[in-house]
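So you can see what is in the structure, the chains are spelled out below.
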Number of protein chains: 2
Amino acid sequence: MQKHNFFAGPSILPQSAIDATIEALKDFAGTGISLASVSHRGKEFEAVMAEAVALFKEILNIPEGYSVIFLGGGASLQFAMVPFNLLKTKAVYVNTGTWASKAGKEAKLFGEVVEVKNPDYFSLPKNFEVPQDADYIHVTSNNTIYGTELLTDPDYGIPLVSDMSSDIFSRPVDVSKYALIYGGAQKNLAPSGVTFVIVKDEILGKMDRKIPTMLDYRTHIKENSMFNTPPVIPIFTALETLKWIKANGGTEGMLKRNNAKADLLYAEIDRNPLFKGTVAKEDRSIMSVCFVMNDEFKHLEDDFAALTKSKGMVGLKGHRSVGGFRASLYNALELSSVQALVDAMKELEQKHK
Amino acid sequence: MQKHNFFAGPSILPQSAIDATIEALKDFAGTGISLASVSHRGKEFEAVMAEAVALFKEILNIPEGYSVIFLGGGASLQFAMVPFNLLKTKAVYVNTGTWASKAGKEAKLFGEVVEVKNPDYFSLPKNFEVPQDADYIHVTSNNTIYGTELLTDPDYGIPLVSDMSSDIFSRPVDVSKYALIYGGAQKNLAPSGVTFVIVKDEILGKMDRKIPTMLDYRTHIKENSMFNTPPVIPIFTALETLKWIKANGGTEGMLKRNNAKADLLYAEIDRNPLFKGTVAKEDRSIMSVCFVMNDEFKHLEDDFAALTKSKGMVGLKGHRSVGGFRASLYNALELSSVQALVDAMKELEQKHK
């Protein structure tokens, strides 16, 4: 049976990227050696790393003066690395959900944190004051657990840092508006195990504190992400995913794809009397679509879960802290998978209306 | 042509582990989803993680009171995490090579470091005094670049920390002698991208300093290495490698295998007038065999490199800081590959004697 992969991450990747990884695990670049067993210092893998960085920059249209590095440890390690490298006295953290909250918590170990937060996570804070003497403001562009997304590149007057773990490459981004963008790659880019960082070079090197070598962005910039052994397989798959993104219209193409999927699903959520969306419409994510059953149909939750499961859909259960359902519509997910989900919603409606 | 993989790391892994990874990338555990795209929170991957930890403990015969965790970031990140978690005022670092030196450098950010070092790296320091008021002593059990190895589990009277990146699972280890053992897994265990830590629980939680969440071992112990998204593919491959180790006699079986390979190669190095070993015989590594050409045959270095290359051997070039040749004889390397290398050494001798 065809599977429809709605997992929140690790999550669906282009089949071409997975197929290429399988071939490379059999024989990497004609070396006769598996990708799992080649030296990262060999010219074949050095070419992969160089091409991945170049294509990453090309597709996101990253201006001069920015570096792109690949690290291990996940976005959660970035929650500490960002303040280690950038927080002198004070930073602003926009708390829009679980992950944003975790990022702010780490920053408090390094200096004063001004938190911006709505009473709940079902909408994004707007029109808030930003202290202009802060070192930076940190946002989480897409909130996977609650389903809100910042679909613009805001200007707060101070350096902007964004965790784009779950929406990088889903839309064009004006990188020049940012001081630093980071993310775990295990949604739109690669299998888990690699983290990307886009950083404006001139913001680094201004701290008095001693930064451990591995936690200093300059270490990895200087060594082209090869200061220590990089996660070879995930970086290889990332390159193949980037090739797929480019072949499918780049970030403009992805945005078109993603809007089509999100529009289809939100239209059904709004139309179908059994379901309702959970977040403010203007803040709805095109990557993480959260919805619940209307109160009078709550008893059908298990039926809907069973129905979608029977049709090969996986990963639709809402995060344990929110409940209900969540469909992650990452780049590689096909419109036909969203159509299958919408069809299941209609089918349940037909049975119970 | 059959390849003989002597890479220093990432390096040769059991073919069964690579084959299983390829199959899982096609369809993981009958889920119909690729290993690259499954949720780490699904029961199938949680089973992989649990079995990997259990088998890791079983094969190394790890006593009660120790935790095993899998992290990202590489051993280089451990160079900072170890002192973050364990260094109160003073630590002893035995500097036996490039990696040991890097570990000591990071520790200096956290407290006083007493360094133990020979005039060069071609032998291991012995019979040195260990200040008994130090928080711990750090050793690097195998030095890949120079080719020395500590083949015993020493007792220095204070907590012992060892970087076993390049010899874990190569021999039985008395874990009870150690406070903490860590290593990048990309030699004897897995593709690059995952780091293992074996830690005695009671040594943790004694620091006054604030430790960032991701750098605190207790975070990962508490969450069974699932505090954040783990490197799924490398952990899967690690489990398959552990199964192979168990099926091949465990650490006793590995030691027998590795001694046979090392004995064969060192015997030829010592016999063949063209070559000589570079380190003190009593400190010779069974994992990283370093050798050079005798002075009167130095002009044959390129010939030997070409000869071995023509026979499908890769990864034999010595590290740029040492020169000459290095054969990494990790667990998965077959005796027949070492025999092929020895045959090439004899062939060169026949031509030029």
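Residues numbered from 1 in each chain as written. Chains lettered and ligands numbered in written order. Predicted model: local features only at pLDDT ≥ 70, side-chain atom pairs only at ≥ 80, totals over all residues. Heavy atoms only, no water.

(A) Focus on the relation of the copies chain B and chain A. Overlay of chain B on chain A (RMSD 0.0 Å): rotation 180 degrees, translation along the axis 0.0 Å. The operation mapping one copy onto its partner corresponds to a two-fold rotation axis. A symmetric contact is evident, with 100% of the interface residues of chain B recurring at the interface of chain A. (Least-squares fit on C-alpha atoms with pLDDT ≥ 70 in both. Contact = heavy atoms within 4.5 Å.)

(B) Layout of the domain arrangement of chain A. All names here are of chain A. Looking at the assigned domains, one finds that chain A contains domain 1 (4-11 + 249-352) and domain 2 (15-247). Contacts between domain 1 and domain 2 engage 31 residues on the former and 30 residues on the latter. Both sides together, the interface formed by domain 1 and domain 2 hides about 2,400 Å², and carbon and sulfur atoms give 57% of it. Where domain 1 packs against domain 2, one counts two salt bridges. Across the salt bridge formed by Lys-126 and Asp-283, the nearest N and O atoms sit 2.7 Å from each other. Secondary structure elements with two or more residues in the side of domain 1 that touches domain 2: helix H7 (250-271) and strand E12 (288-293). Broken down by element, the residue count for the side of domain 1 that touches domain 2 peaks at eight residues, all from H7. Taken together, the residues of the side of domain 1 that touches domain 2 break down into 13 nonpolar, 12 polar and six charged. (Domains from an automatic or database assignment. Buried area = accessible area lost by both parts, 1.4 Å probe. Salt bridge = Lys/Arg side-chain N within 4 Å of Asp/Glu carboxyl O. Helix = DSSP H or I, 4+ residues; strand = E, 2+ residues; numbered from the N terminus. Nonpolar A, V, L, I, M, F, W, Y, C, P; charged D, E, K, R; others polar.)

(C) Broad picture of the nonpolar core. Phe56(A), Ile198(A), Phe56(B), Phe70(B) and Ile198(B) are the most contacted members of the largest nonpolar core, which totals 122 residues. Leave out the neighbours within four places in its chain, and Ile198(A) touches Phe56(A), Leu60(A), Ile62(A), Tyr66(A), Ser67(A), Val68(A), Ile168(A), Val175(A), Ala179(A), Leu180(A) and Ile181(A). Counting 62 residues, the second-largest nonpolar core is a separate cluster that includes Leu87(A), Ala91(A), Leu215(A) and Ala103(B). (Core = buried A, V, L, I, M, F, W, Y, C linked by side-chain atoms within 4.5 Å. Buried < 20%, exposed > 50% of the residue type's maximum accessible area, 1.4 Å probe, protein only.)

(D) Region of the structure containing the interface of chain B and chain A. Contacts between chain B and chain A engage 52 residues on the former and 52 residues on the latter. Overall, the association of chain B and chain A removes approximately 4,000 Å² of surface from exposure, summing both partners, and the carbon and sulfur fraction of that is 67%. Run the count over chain B and chain A and you get zero salt bridges. Where chain B touches chain A, the interface holds 16 residue pairs in polar contact (both at pLDDT 80 or more). Among the elements of the structure, helix H1 (15-26), helix H3 (74-86), helix H4 (98-107) and helix H6 (232-247) of chain B are those that each provide at least two residues to the side of chain B that touches chain A. (Polar contact = N/O pair within 3.5 Å; in protein donor to acceptor, adjacent residues only side chain to side chain.)

(E) Expanded view of helix H8 (residues 301-310) of chain B. Residue and element names in this part refer to chain B. Phe-304, Leu-307 and Thr-308 are the residues of H8 that are buried. Looking down the long axis of H8, one finds its buried residues gathered within 95 degrees of arc, a one-sided arrangement. Opposite the buried face of H8, at more than 90 degrees from it, the exposed residues are Asp-302 and Lys-309. As for H8, its buried residues are in contact with strand E11 (275-277), strand E12 (288-293), strand E13 (313-314), strand E14 (325-328) and helix H9 (335-352). The positive-phi residue at the C-terminal boundary of H8 is Gly-312, with phi of around 85 degrees. (Arc of directions from axis to C-beta.)

(F) How the structure looks around the packing of H8(B) against H9(B). Residue and element names in this part refer to chain B. The interhelical angle for the contact between H8 and H9, taken along N-to-C directions, is 135 degrees, at an axis separation of 10 Å. If you check the angle between H8 and H9, you find them oblique. Handedness of the crossing formed by H8 with H9: right-handed. From H8, Asp-303, Phe-304, Leu-307 and Thr-308 reach across to H9, where they touch Leu-341, Ala-344, Met-345, Glu-347, Leu-348, Lys-351 and His-352. Here the contact of H8 with H9 is composed, by residue class, of six nonpolar, two polar and three charged. (Axes fitted to C-alpha atoms, helices over the stretch in contact; angles between N-to-C directions. Parallel < 35°, antiparallel > 145°, perpendicular 65-115°, else oblique. Left-handed = near helix turned anticlockwise from the far one by under 90°.)

(G) Structural context of the pairing of E12(B). Residue and element names in this part refer to chain B. With respect to burial, E12 is a largely interior element, six of its six residues being buried. Every second residue of E12 is oriented toward a common face, with Ser-288, Cys-290 and Val-292 on one face and Val-289, Phe-291 and Met-293 on the other, all of them buried. In this structure, E12 lies alongside E14, joined through four bridges in antiparallel fashion. Bridge pairing links Val-289 to Ala-327 in E14. (Pairing = 2+ DSSP bridges.)

(H) Molecular detail of the environment of Asp270(B). All names here are of chain B. Structurally, Asp-270 can be placed in helix H7 (residues 250-271). Taking the C-alpha atoms as reference, Asp-270 lies 9.9 Å from Phe-291; in sequence the two are 21 residues apart. When near neighbours in sequence (up to four residues on either side) are disregarded, Asp-270 contacts Lys-281 and Arg-284.

(I) Quick peek at the sheet that holds strand E9 (residues 180-184) of chain B. Residues and elements named next belong to chain B. Taken in spatial order, the seven strands make up an open sheet running E2-E10-E9-E8-E5-E3-E4, and their pairing is mixed. In this open sheet, the two strands that pair with only one neighbour each are strand E2 (66-71) and strand E4 (112-116). Pairwise comparison of adjacent strand axes, ignoring direction, gives a mean angle of 15 degrees for this sheet. Examined bridge by bridge, strand E3 (residues 90-94) and E4 share five bridges and lie parallel to one another. Bridge pairing links Val-92 to Val-114 in E4.

(J) Quick look at H3(B). Residue and element names in this part refer to chain B. Between its terminal C-alpha atoms H3 stretches 18 Å, which fits the 18 Å expected from 13 residues at 1.5 Å a residue. The principal kink in H3, of about 30 degrees, is found at Ala-80, preceding the proline Pro-83 by one to four residues. Summarising burial for H3: 13 of the 13 residues are buried, a large majority. (Expected span 1.5 Å × (residues − 1). Bend = angle between axes of the 7 residues up to and from the residue.)

(K) Structural detail: the sheet that holds E12(A). All names here are of chain A. Strand order in this open sheet of three strands is E11-E12-E14, and the pairing throughout is antiparallel. With partners counted over all chains shown, the strands left at the sheet margins are strand E11 (275-277) and strand E14 (325-328), one partner each. On average, adjacent strands in this sheet sit at an angle of 35 degrees to one another, irrespective of strand direction. The strands touched by H7 within the sheet are E11, E12 and E14, with E12 carrying the most contacts at an inclination of about 15 degrees.

(L) Structural context of the pairing of E3(B). Residues and elements named next belong to chain B. Most of E3 sits inside the fold, with five of its five residues counted as buried. Burial along E3 is two-sided: the residues Lys-90, Val-92 and Val-94 and Ala-91 and Tyr-93 are all buried. Each parallel crossover has a hand, and for E3 linked through H4 to E4 it is right-handed. Where E3 and strand E5 (residues 136-140) come together, three bridges link them in parallel fashion. Directly across from Val-92, in E5, lies its bridge partner Ile-137. (Right-handed = clockwise from strand over helix to strand, strands pointing away.)

(M) Inspection of the pattern of salt bridges at higher detail. The final tally for this structure, using the stated rule, is 32 salt bridges over all chains. Its salt-bridge partner being Arg257(B), residue Glu334(B) comes within 3.5 Å of it at the nearest N-O pair. Within this pair, whereas Glu334(B) is found in the loop between E14 and H9, its partner Arg257(B) is found in helix H7, the two being separated by 77 residues in sequence. Look at Glu334(B) and you get partly exposed, because its relative accessible area is 41%. Each of Glu268(A), Arg271(A), Lys346(A) and Glu349(A) takes part in one network of salt bridges that share partners.

(N) Expanded view of the side chain of Ser288(A). Residue and element names in this part refer to chain A. Here Ser-288 shows up in strand E12. At a separation of 3.0 Å, a polar atom in the side chain of Ser-288 contacts the side chain of Asn-142. Apart from the residues lying within four places of it in its own chain, the contact partners of Ser-288 are Asn-142, Asn-143, Thr-144, Gly-147, Tyr-266 and Ala-327.

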